[in-house]
Amino acid sequence: MDSLPIWRLRPAGPDDADALALVGAATFLESFAGLIDGAGLVAHCAKQHSADAYRAYFAKGAKAWLAEIEPGGAPVGYALLCEPEIEHAQPGDIELKRIYLLSRFQGSPIASSLMQAVIAAAAGATRLLLGVKDDNHRAFSFYAKHGFETIGTRRFDVGGKTYDDFVLARVL
């Protein structure tokens, strides 16, 4: 990216569910189209990246941050922190459920700012957990730079088809 537009990071809440859903589905599609089953990808986005799914996370106490750019505050990325849904979780763990950024903005300071917001909010937890597709090398590099290590594997359902993920953790 030659020049980064003016951007900001702000806490997100239930009123931002539509923006989170849009960015979530767009980035998931952008990242995995052609790599996983197309029908499964569409079904996954329709269910897991619906505005109602994000409102449900907020109702259970999740925290989120939205990255927006000018002009107009267009959403381009976000991070979502929640109670662990990963089977490798231990008491005191918290999960980085999602940290998504449109590819045009990857490699910019926005991603690290999202991660820093998550780490700050996770203070008091023992570990920060996340899952990542086993062949997402760019993500592995980003997570390693932020102190994550592989602690296990899991199978991840995308629209009725399963794929291999690694489970990563960062001691807090």
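All chains use their own residue numbering, which begins from 1 and follows the written sequence. Reporting in this predicted model follows two pLDDT cut-offs: at least 70 for local features of residues, and 80 or more for side-chain atom pairs to be given and counted; totals over whole chains, interfaces and linings ignore these cut-offs and use all residues. Hydrogens and water are ignored here; the side-chain numbers use all heavy atoms of the structure.

Novice: Looking at this structure, how should I read the environment of Asp15?
Specialist: When you line up the elements, Asp15 lands in the loop between strand E1 (7-12) and helix H1 (17-32). Think of it in three bands: residues with accessible area under 20% of the maximum for their type are buried, residues over 50% are exposed, and the middle band is partly exposed, with areas taken using a 1.4 Å probe on protein chains only. Note on Asp15: relative accessible area 80%, which makes it exposed. Counting from the N terminus, the helices are DSSP H or I runs at least four residues long and the strands are E runs at least two residues long.

Novice: Looking at this model, I keep getting lost on the nonpolar core. Mind explaining?
Specialist: Leu96, Ile99, Met115, Leu128 and Tyr143 are the most contacted members of the largest nonpolar core, which totals 29 residues. Going through the elements one at a time, strand E2 (63-69), strand E3 (74-82), strand E4 (93-101), helix H4 (109-121), strand E5 (127-133) and helix H5 (137-145) are the ones with two or more residues in this core. For this core, the element with the highest residue contribution is H4, accounting for seven residues. When neighbours within four sequence positions are excluded, Ile99 is seen to be in contact with Tyr78, Ala79, Ala111, Leu114, Met115, Phe142 and Tyr143. Judged by nonpolar contacts, the second largest core, of 23 residues, contains Ala17, Ile36, Ala64 and Cys82. Residues grouped as a nonpolar core are buried Ala, Val, Leu, Ile, Met, Phe, Trp, Tyr and Cys residues, joined through side-chain atoms within 4.5 Å. By definition in these notes, contact holds between two residues if any of their heavy atoms fall within 4.5 Å.

Novice: Which parts of the structure should I look at to understand H1?
Specialist: Helical periodicity: at 3.6 residues per turn, an α-helix aligns residues three or four positions apart in one direction. A helix is expected to reach a length of 1.5 Å times the quantity of its residues less one. Over its 16 residues, H1 runs 22 Å from end to end, which matches the ideal 22 Å to within 8%, given 1.5 Å per residue. Of the residues making up H1, those classed as buried are Ala17, Leu20, Ala21, Val23, Gly24, Thr27, Phe28 and Phe32. The first or second residue beyond H1 is Gly34, which carries a positive phi of 85 degrees.

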